[in-house]
Amino acid sequence: FFTAGYPSLKAAFNYDSKNKQGTFEFEQKQVDQEKNIPAFILKTDISWTIDGESILVPIKLDKEKQTFVFDMLSEPEQIRFDPEGKILHKLEFNPGNSILRKQLTDDPTVTGRILASRELIKSGKRNNIQAVVDAYVDEPFWGVRQEMAEALGDCNNETAVRGLARIISIEQEPKILGAVIQAAGEFRDKRIRE
């Protein structure tokens, strides 16, 4: 509360199938010695799911760069950083497209599904963007759909244009129609206009 900056984290995950270990790497990107912005002390958790069983492990981040290695019987189906929302932070984390696509549809939390959709769209890959459009149709919570539509509007991609045109034609929730149309308005495209 009394220092400059806020936690801005970049995370990476790799699975070593030979040694059956998962490695998490974290960087606190806000650290700036010249501006006197330190590495924050953050106590939170990492979770992963293997064969439907979730594991939650507490971690402490207190350095600019840190690595954690955990034994894992197989590659996880889902991975989450701070799944219970214990800390305020900005996060860049793509543990893998297949993991994110699973999180997009199966994560029980709103935050998990939103984070997955943002990272998938940010990748710029057609099949990831299409996965978000497809998940939009089945997403039960209007707030998640709004976040998905806004992220699609920020994406300069043909799949996003087609997806937003489809979304406009099916969305019935008054709470987000304005946001959906505004997101689609980022594109000058005949399909959107129609």
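Description of the structure in this document. Quantities reported herein were computed from a predicted structural model and do not represent experimental measurements.

## Here's the deal with the pairing of strand 1 (residues 8–16)
Where strand 1 lies against strand 7 (residues 90–93), four bridges are found, and the strand directions are parallel. Each residue of the ladder has a partner; that of Lys-10, found in strand 7, is Glu-92. Relative to strand 2 (residues 21–28), strand 1 runs antiparallel, the two being bridged by eight bridges. Note that in strand 2 the partner of Ala-12 across the bridge is Glu-25. The loop that links strand 1 with its antiparallel partner strand 2 comprises four residues; one of these, Lys-20, has a positive phi angle of about 55°.

## Side note on helix 6 (residues 174–184)
Inspection of helix 6 places Ile-176, Ala-179, Val-180, Ala-183 and Ala-184 among the buried residues, and these make up the whole buried set. The buried residues of helix 6 occupy an angular sector of 135° when projected down its axis, which confines them to one face. Turned more than 90 degrees away from the buried face of helix 6 sit Pro-174, Ile-181 and Gln-182, all of them exposed. Here the buried face of helix 6 lies against helix 3 (126–138), helix 4 (142–153), helix 5 (158–170) and helix 7 (190–193).

Criteria and thresholds
Residues numbered from 1 in each chain as written. Predicted model: local features only at pLDDT ≥ 70, side-chain atom pairs only at ≥ 80, totals over all residues. Heavy atoms only, no water. Pairing = 2+ DSSP bridges. Helix = DSSP H or I, 4+ residues; strand = E, 2+ residues; numbered from the N terminus. Buried < 20%, exposed > 50% of the residue type's maximum accessible area, 1.4 Å probe, protein only. Arc of directions from axis to C-beta. Contact = heavy atoms within 4.5 Å.

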